[in-house]
Amino acid sequence: MLTAQWVCRRCLKALAQPRNRQFLRLASTDANTNLPLVLLQRARNIAAEHEKLASALANDFDTKTAKRVGELSRVAEALKEWENARSSISELTALLQSQDAELRQLAKDELSTTNAKIDSLATALSASLTPRDPFADMPCLLEVRPGPGGMEGRYFADAVFRMYRQYCSRKGMRTNILKYETVDGADSSTGGASESPIQEAVLEILDAGAFDQFRGEAGMHRVQRVPSTETSGRTHTSAVAVWVLPSFPEDENDMPNEQSFNDPNSIFYVDPREVKEEKMRASGAGGQHVNKTESAIRLTHEPTGIAVSMQDSRSQHRNRQSAWTLLRSRIGQRRREEREEEAWALRNSVLSKDKITRGNKIRTYNYSQDRCTDHRSGLDVHNLPDVLEGGESLDKIMESTREWLVQRDIEGLIAEEEADAAAAAKGAKKGKR
């Protein structure tokens, strides 16, 4: 009787760990196409519809048809590039059998370049098939609030807020500080790098497409560092919560999509009759203005209980505008999440993972190790000062997060397509009986 080969316990544990895949799961993927078959079939169906509608549009212009052609063109163009690369690979592979040595070498070099390119084209094609976020082209609001960790969390919230401001400044993006509220009576000198203890801060990024660029920043940001008040040198762990919300311009004509916050049928609409407005006296530092005029505004959306208070400006009108902007964004985001949770049930509640909870740690900033780690993409960057200054190191982290989001959306799309195919096959089988 043969005995089983001995394997150490540590090796067994390592083998049991789930491993990240660089590109999708390999199930139902043809090795000759390097693309999941369900996605390839979907892309070809969309390209066929695009060609049909484009031909009809050439003969008779129609606004609705033109809009649909524009929506499908992204997939059609990505499929065309991928198929051209596939054709090139086939032709170059045939040339490798040529009798001409120089021609064989040229084909070999070109084949190596094209093979390296085909993977990125397959990823681009898969990404083009994923549903585009309805807020992708909009400006956004970055809300920063301290999480677990007491006063140290409030100080680090200021560091995170400053990080995003400096990042936007370096990128030439237009910003507006919508709210910056600190804790009364706290000493800013006890935080790192003259940090102030933040109660809540909201940064408005005015550039179109900012929501798509920053949506991966939503979540719990954890910091591990030794506070300046710590005499024994013990490392403290605290956290900061970041929300990314769409920002709605005052003029609905500036909306990058057709959703209007003045249309009662829109998810962005807020009925003023359902909003309770309260006027208050401002509190905190501010000289003679504080507690003498009722310039602060609190808005409460009674059906949802969502409340927003604003006192940053001495103008009551300005505070009211800012409060409405923030309230509309929070309500629109909540309605979007509710609708997508219902529609994306087949995606294993992917959206719910974006909701911020104490355990939803997306990134760690470790001062003693000079390290910033994104726990979704798995990227480690060892230049923490550059990250906190909004430098190129933060660029790398945000880019890795965007790639992770695309891969997650692609996997969700594959799951949905396979579920639809299985349901169709099951229905056809019943029909035969």
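Shown above is the structure to which this text applies.
All values reported here derive from a predicted model rather than from experimental measurement.

(A) Representation of the pattern of salt bridges in the model. Enumeration according to the criterion identifies 26 salt bridges in this entry. The shortest N-O distance in the salt bridge between Lys-171 and Asp-395 comes to 3.3 Å. Of this pair, Lys-171 sits in helix H5 (residues 151-171) while Asp-395 is found in helix H9 (residues 392-432), placing the two residues 224 residues apart along the sequence. Between Arg-320 and Glu-277 there is a salt bridge; the shortest N-O distance is 2.9 Å. With a gap of 43 residues between them, Arg-320 in helix H7 (residues 316-343) and Glu-277 in strand S8 (residues 275-280) connect regions that are remote in the sequence. Residue class for Arg-320 comes out partly exposed when judged on its relative accessible area of 22%. Assessed through its relative accessible area of 31%, Glu-277 is described here as partly exposed. A network of salt bridges, in which partner residues are shared, links Glu-143, Arg-145, Lys-179, Glu-181, Glu-200 and Arg-330.

(B) Representation of helix H4 (residues 101-129). Across its 29 residues, H4 extends 42 Å between first and last C-alpha, which sits within 8% of the 42 Å expected from 1.5 Å per residue. Turning to H4, its buried residues number three or more, namely Ala-107, Leu-111, Thr-114, Ile-118, Leu-121, Ala-122, Leu-125, Ser-126, Ala-127, Ser-128 and Leu-129. A side-chain oxygen of the first residue of H4 lies 2.9 Å from the backbone nitrogen of Glu-102; this N-cap is Asp-100.

(C) Broad picture of the pairing of strand S12 (residues 371-374). With burial as the criterion, each face of S12 is covered, one bearing Arg-371 and Thr-373 and the other bearing Cys-372 and Asp-374. As paired strands, strand S11 (residues 361-366) and S12 are joined by four bridges and run antiparallel to one another. Within S12, the position partnered with Arg-363 by the bridge is Asp-374. Counted between consecutive antiparallel strands, the loop separating S11 from S12 contains four residues, among which Asp-370 sits at a positive phi close to 50°. With two bridges connecting them, S12 and strand S13 (residues 380-381) associate as antiparallel partners. Considered in S13, the bridge of Thr-373 is made with Asp-380. Counting the residues in the hairpin turn of S12 and S13 gives five residues, including Gly-378, whose phi is positive at 80°.

(D) Representation of the nonpolar core in the model. Core analysis: the biggest nonpolar cluster contains 36 residues, and Ile-205, Phe-214, Tyr-365 and Val-387 have the highest contact counts within it. At the level of secondary structure, the elements contributing two or more residues to this core comprise strand S3 (140-146), H5, strand S5 (198-205), helix H6 (210-214), strand S7 (236-246), helix H8 (384-388) and H9. Filtering out sequence-adjacent residues up to four positions away, Tyr-365 remains in contact with Phe-156, Met-163, His-221, Arg-222, Val-223, Gln-224, Arg-371, Cys-372, Leu-384, Val-387 and Leu-388. Core analysis: the next-biggest nonpolar cluster, separate from the first, contains 26 residues, Ile-46, Val-75, Ile-118 and Leu-129 among them.

(E) Representation of helix H2 (residues 37-59). The terminal C-alpha atoms of H2, which comprises 23 residues, lie 34 Å apart, in line with the 33 Å expected from a rise of 1.5 Å per residue. Looking at H2, one finds that the buried residues are Val-38, Leu-39, Leu-40, Ala-43, Ile-46, Ala-47, His-50 and Leu-57.

(F) Local environment of the sheet that holds strand S9 (residues 296-301). On the basis of which strands lie adjacent, the open sheet formed by three strands has the order S8-S9-S10 and antiparallel pairing. Two strands lie at the open edges of the sheet, namely S8 and strand S10 (306-310), each paired on one side alone. Looking at each pair of strands side by side, their axes are set apart by 15° on average, direction ignored. One ladder, built from five bridges, connects S9 with S10; its direction is antiparallel. Across the sheet, Ile-297 pairs through a bridge with Met-310, a residue of S10.

(G) Structural detail: the environment of Asp-207. Mapped onto the fold, Asp-207 is located in the loop between S5 and H6. Non-local contacts of Asp-207, meaning those with residues more than four positions away in its chain, are made with Met-138, Pro-139, Gly-172, Met-173 and Arg-174. In this structure the side chain of Asp-207 is engaged in a polar contact, spanning 2.7 Å, whose partner is the backbone nitrogen of Arg-174.

(H) Fine view of the packing of H2 against helix H3 (residues 63-95). At their nearest, the axes of H2 and H3 sit 8 Å apart, and the two run at 130° to each other. As far as their axial angle goes, H3 and H2 are oblique. The element H2 and its partner H3 pack so that their crossing is left-handed. Residues Leu-40, Ala-43, Arg-44, Ile-46, Ala-47, Glu-49, His-50, Leu-53, Ala-54 and Leu-57 of H2 lie in contact with H3, whose contacting residues are Thr-65, Ala-66, Arg-68, Val-69, Leu-72, Ser-73, Val-75, Ala-76, Leu-79, Trp-82 and Glu-83.

(I) A look at the pairing of S11. Buried residues dominate S11, accounting for five of its six residues. Examined bridge by bridge, strand S6 (residues 219-225) and S11 share five bridges and lie parallel to one another. Within the sheet, the bridge partner assigned to Arg-222 lies in S11 and is Thr-364.

(J) Quick look at the side chain of Asp-133. Its location among the elements puts Asp-133 in the loop between H4 and S3. Of the polar contacts made by the side chain of Asp-133, one reaches the backbone nitrogen of Phe-135; its length is 2.8 Å. When residues no more than four places from it in sequence are discounted, the contact partners of Asp-133 are Phe-211, Arg-215 and Arg-336.

(K) Broad picture of a nonpolar patch on the surface. On the surface, Leu-95, Leu-103 and Leu-106 cluster together into a nonpolar patch covering about 240 Å² of accessible area. With respect to the helices and strands, the residue Leu-95 is situated in helix H3. The class of Leu-95 is partly exposed, set by a relative accessible area of 33%.

(L) Summary view of the packing of H2 against H4. Here H2 crosses H4 at 65°, and the two axes come no closer than 10 Å. When the interaxial angle is binned, H2 and H4 end up roughly perpendicular. With respect to the hand of their crossing, H2 and H4 are arranged in left-handed fashion. Only Leu-125, Ser-126 and Leu-129 of H4 make contact with H2, whose side of the interface consists of Leu-39, Arg-42, Ala-43 and Ile-46. When grouped by side-chain class, the residues that make up the contact of H2 with H4 number five nonpolar, one polar and one charged.

Cut-offs used in this document
- Residues numbered from 1 in each chain as written.
- Predicted model: local features only at pLDDT ≥ 70, side-chain atom pairs only at ≥ 80, totals over all residues.
- Heavy atoms only, no water.
- Salt bridge = Lys/Arg side-chain N within 4 Å of Asp/Glu carboxyl O.
- Helix = DSSP H or I, 4+ residues; strand = E, 2+ residues; numbered from the N terminus.
- Buried < 20%, exposed > 50% of the residue type's maximum accessible area, 1.4 Å probe, protein only.
- Expected span 1.5 Å × (residues − 1).
- Polar contact = N/O pair within 3.5 Å; in protein donor to acceptor, adjacent residues only side chain to side chain.
- Pairing = 2+ DSSP bridges.
- Core = buried A, V, L, I, M, F, W, Y, C linked by side-chain atoms within 4.5 Å.
- Contact = heavy atoms within 4.5 Å.
- Axes fitted to C-alpha atoms, helices over the stretch in contact; angles between N-to-C directions.
- Parallel < 35°, antiparallel > 145°, perpendicular 65-115°, else oblique.
- Left-handed = near helix turned anticlockwise from the far one by under 90°.
- Patch = residues over 30% accessible without salt bridge, like charges linked within 9 Å, V, L, I, M, F, W, Y side chains within 5 Å.
- Areas by Shrake-Rupley, 256 points an atom, 1.4 Å probe, with all protein chains shown as cover.
- Nonpolar A, V, L, I, M, F, W, Y, C, P; charged D, E, K, R; others polar.

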